[in-house]
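# What the coordinates show
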Amino acid sequence: MASPKKGKYNYHRPLTDTIIKLDSIKDKKILRIKDTVSTKGTKSNKTKGIIGKSDTSSKKGKNELASEIKGNADDSTIVDKVHNILYFYGRARVKYEDVEMDADYIRVDQKNHLIFASGSIDPRTHRYIGRPITKQGKDKPVESDSLLFNYETKKGKVYNPASEQGGNYISGGQVKKLNEDEAAYRNVLFSTCDKPFPETDFGIVITKGIGEKKRIISGPAYLEIEGVPIPLAIPFGFFPKPDTRTSGVILPTFGEDQKLGFYIKDLGYYIALNDYVDMTTQGTFYAKGSYDLNETVHYLSRYEYSGNLSLSYGSHNYGLQGDPPTKDFNITWSHSQNSNASPGSTFSASVNAGTSTFYQNNPAYSNYNLQALTQNNLSSSIAYGRVWAGTPFNLTVSLSHSQDLTAKTVTLNLPTFNFNMSTLSPFDSKDRVGPQKWYQKITVGYSLQGTNNINAIPESELFQGNTLFKKMQNGLEHQIPIGFNQTLLKYFQFSATANYTERWYFQSIKEYYDRTNPNIPDPTLPTVDTVGGFKRSGEYNLSAGFSTKVYGTMNFKKSNLTAIRTVMTPSISFQYKPDFSDPSYGYYKTIVSNATIPYPSTYTTYSIFQNGVYGFPSAGRQAGLNFSLDNTIEAKVKAKATDTSNTPKHIKILDGLTFSTFYNFAADSFRLSPISFSGHTAILHQKINISFSGVFNPYESKLMDSISNGVIQKYAHEIDRYTWQDGKLPSLQSFSISASGSLNSTSFHPHNTTQTPVGSNMQNMTPQQQDRLALLNSDPSAYVDFNIPWNISFNYSFTYNNNVTNTNTTNTVMISGDFNLTPKWKIQYSTNYDLKARALSSATSFSIYRDLHCWDLSMQWLPFGYYKSYNVTLRVKSTILQDLKLSKKSDYTSNSYFNQ
C-alpha cells in the first residue's frame, strides 16, 4: 500500500513520522541488548514462541500473566531474556486472550506489558507493507501504520487507523484507546466511503473527539471532499455508530412543484421498535395546501418470515383555487415465508391496492417511475397453502384483488379455496409384482373449488352501504377426472378420459319481458332478476383417441449441416358431450314476449346459471372428431474443430408447430370448426424467442348491404360452403407474431457455473445486505450494475385481423436497455415505437448515471408526453446516509408551455 500523502494535519504527516521509533533515552535498556537468543526461520518453517503463562493473583508475582501470549513469525524470532522482550520479524502474529494482531514487525515487552507493531519498507518497491491489523473480540478489525498497546490495561495508541464502524469508516489521524469501550480521536476522518485514506471521496474531519461503542462525540469538525477542506464546520457534533437499529429524524428535501407550489418533501421520523420491527413515518407538504402521508413498517424474523407494509394517503388540488382536493390512498404489503419455517404449510402476500388515480396524483411516491405512472391495473393476492404429508390431499386458500385503473372497476375474490386430491390408481395394488394390468392403469382425481366473487364493481360503489353483500356471487365446483392410457401395437398411444363437473350455486337468475313498464330503458331486452336459493348443475364429457409419432430424416454430405430431422405427432380423438340446454335438464329456460305496438313478439333462451362464477353447462350437442398435428424440426450440425468431444450439435429450427380443428357430426350446419395453428422457435443461442398463431376460416363469406340511419353499411354473411369447393384456400381470419429477447455483453460468451454465494437469499442475508435490499425495493433506481457493459431488451408485436369487410393491423416494438459510455458512466433508455403510425410513444425515458464511488449522480429525463420532466440527483450510497442527497428536478406536467 502506498504511503499517505503529505498534509498540514497529523494524519497527513509523512509515513516515516507516523511510525513509532525507539527513543535513545527511554528505550536505552532495550537498545543495549546484551543477552539474546536468535532463532532464524524460513518460509517453510515458521518460528513460534510462548511468552508467559501464570496468574496475576496475590499469590503470584506482579509481572506474571493470567493467560499465555502466543506468537509466531515467518522470518525470525529474537528473545531478549535479560529485558524479557521478544521480537517477531516477517509476517508476524501475536495472540493474547481475545486480542489478535498481525504485522510485519511486532515487539512484546513482558516487563511493561507492551506490544508495539508496525510495517516495514519493501527494499525493492520502497512501499510500506505489512501494516498492523488488530482485532479484539467481536469488534471490527483495525488497520494502522503502527500502534503501541498495553495488553494488561487494554490501553494504547494507534497511528493512521482504518476501520469500518457500523457502515461508516474511520481513517487517518491518531486514536488513543482509553479502555475497552472508549477511545480518544485526533484529526480522524469519519466517512461513508470504503476507500482507504487519503483517497477517500467524502468525509468529516473530527479534530478532537471521544469514540464510544455506539456513538462519537466530537469537538470542532469540518467537511472534506476529495482531500480538499470545505469551509463548512461545526463546533461540536454527534455521530452514531449503531450496531442495532436506531430511531431518529429523517431530514426532508426542499423544492417547488409547478402546480402545488413550494414543498417540504419526506420529512419524517424513523422508529426502531426492536431488532425485528421498524417503522417509518414520512410526509410531504405543499405551500398551496396539498400533502402526502406515508407509514411503512418493515419486519423480519430470521429463518422464518419477512415483509413490509405501507399505507399512503394524499390530498392534492391540481385544479383551480377553491376546488375540492382529490383524495387518494394506497396500501402495499409483501410477505414471504421461509419454506423450512413450517413444513407442510406456506403463507405469502403481495398486495397493491388503492384509488385508481393514486399514482397519477402522487408521482413522487414512485420517484417518477414511468412504469408505475402508466400502469393500467393493480392486483393483490394473499395465499395460504397446506399439504398433508403421507396423503394425496392439499389445500389452498387465497384472497385476491384486481383493479382496472382505466375503467375504475374492482374485482374481488373473498376468499377462494381449492381442495385437491392427487391422481390415484384405485385398482392398482401397492404390493403388486410385475407389470400393470390394463384396468390397473385407470386413474381418478378430485378437486373442489369455492369462491365469493364481486366482479367489476365501480370503484366509487365499493364501500357504499350493502354493496359487498348485494353483488357478492358465490359457488362451489367439484371436478372428477377419470383417465386411462395404454400403448397398442407398440407405436400407438391410446387414451380415454371422462370428466364430470358439478356446480353448486346459492343464487340463479330469472329473465322476463316487461314491455308495459315505462321505466324499462329498452323494451326489446329482457329484464333480469336474481333469485336466491340453492341450485345445482352437472355436466360431463367423454373422449377417446389415438396418437403416434412419425420420424423423418434428410441427410446431407460434404456440409457442416449433416441432417434435418422432423418429428410429427398426429392425433385423432372422438369427443362426446350432450346438449345441456335440453329442457329435461332444467338448466335453460325459454321466454316469449307479448306482441305490443310497435314491437312484435320475440323469444329467447337463457341459462339460469349464466351469471355464475364458474360458468354454466354449455348448449349444443357435440359428437365428433378432433384432429391435431404437432411438428418439430431440428438440424444436426458438425462439431467445431475446437470441440475436443467431437459431439454434433442439435439446433431446433421450429418447435411446436401445431394445427388443430374439430368436426362435429351432431351439428346441423357449419360442422367444421375454424383451423387454428401456432408455433414457436428461438434463435441466437435461444436468446430471442419468436411465437406466432393464427386462425383459418374454411367457409365462404358474402358481402351484404344494410341501411342504418340512411347510410349503407356492409357486413359479412357466412355461408355453409367450404372455400376449397370453389378452388380457394381457407381465408386467414387472424394472425399474430411476437419476438422478444434480452441480450447483454455475456450472451454470446459461455460462463462458468458457480455456486450460489452466501447472502444470495433472504434466509442467509446479513443485516447490511437486508438494509441494501430494503433500499433497492423502495427505490429500484438506487442500484445500477456497471459490471455489465451493455444490455438490451426488446419486444416486437404484429397483429392482423380480417372480418371480410375490412382488415386492421398493429405493429409495435418496445426497446429498453443500457450501456456503459465509460467504466463510470452508464446510459439507460426505454421507449415504444409504433411502426404503423411511425411515432414514438409518450412512454419514452432516458437515464444517465455516474459512479462516484461512494456517491451516485443520476439524471432521469422524459423528453415528451404527459409526464415530460427531468430529475437530477446526487446522493450518498451509504444506506445509513441515503437521505443525504441534492436534487434538481422539474415535475411532470401536461401543459404545453413546459419549461426546462
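Below, the structure is looked at part by part. (Residues numbered from 1 in each chain as written. Predicted model: local features only at pLDDT ≥ 70, side-chain atom pairs only at ≥ 80, totals over all residues. Heavy atoms only, no water.)

This model, assessed by the stated rule, comprises 30 aromatic pairs. Where Tyr96 meets Tyr151, the ring centres are 5.1 Å apart and the plane angle is 55°; that geometry is what we call tilted. One end of the pair, Tyr96, is in strand S5 (residues 85-96); the other, Tyr151, is in the loop between strand S12 (146-150) and strand S13 (155-159), and 55 residues separate them in sequence. For Tyr151, a relative accessible area of 1% translates into the label buried. Between Tyr505 and Phe609, the aromatic rings sit 5.5 Å apart at their centres with planes inclined by 40°, giving tilted as the arrangement. Remark: Phe609 occurs in the loop between strand S41 (603-607) and strand S42 (622-637) and Tyr505 occurs in strand S36 (residues 492-512); sequence separation between them is 104 residues. Here Tyr505 and Phe609 have matching classes, each one buried. (Phe/Tyr/Trp six-rings, centres within 6.5 Å; stacked < 30°, edge-to-face > 60°. Helix = DSSP H or I, 4+ residues; strand = E, 2+ residues; numbered from the N terminus. Buried < 20%, exposed > 50% of the residue type's maximum accessible area, 1.4 Å probe, protein only.)

When a strand is regular, its side chains alternate between the sheet's two faces. Taken together, the 10 bridges between strand S50 (residues 807-822) and strand S51 (residues 825-834) define a ladder with antiparallel strand orientation. When the sheet's bridge partners are listed, Asn820 is paired in S51 with Lys826. The hairpin formed by S50 and S51 contains two residues between the paired strands. Pairing of S51 with strand S53 (residues 845-852), which is carried by six bridges, proceeds in the antiparallel orientation. (Pairing = 2+ DSSP bridges.)

As a further point, take the pattern of salt bridges. Per the counting criterion, the structure on display carries 16 salt bridges. The closest approach of N and O atoms between Glu97 and Lys154, which form a salt bridge, is 3.7 Å. One end of the pair, Glu97, is in the loop between S5 and strand S6 (99-109); the other, Lys154, is in the loop between S12 and S13, with 57 residues separating them in the sequence. Among the ionic pairs, Glu539 bridges to Arg503, the shortest N-O distance being 2.8 Å. Of this pair, Glu539 sits in strand S37 (residues 527-547) while Arg503 sits in strand S36, placing them 36 residues apart in sequence. Take Glu539 and Arg503: they sit in the same class, and that class is buried. (Salt bridge = Lys/Arg side-chain N within 4 Å of Asp/Glu carboxyl O.)

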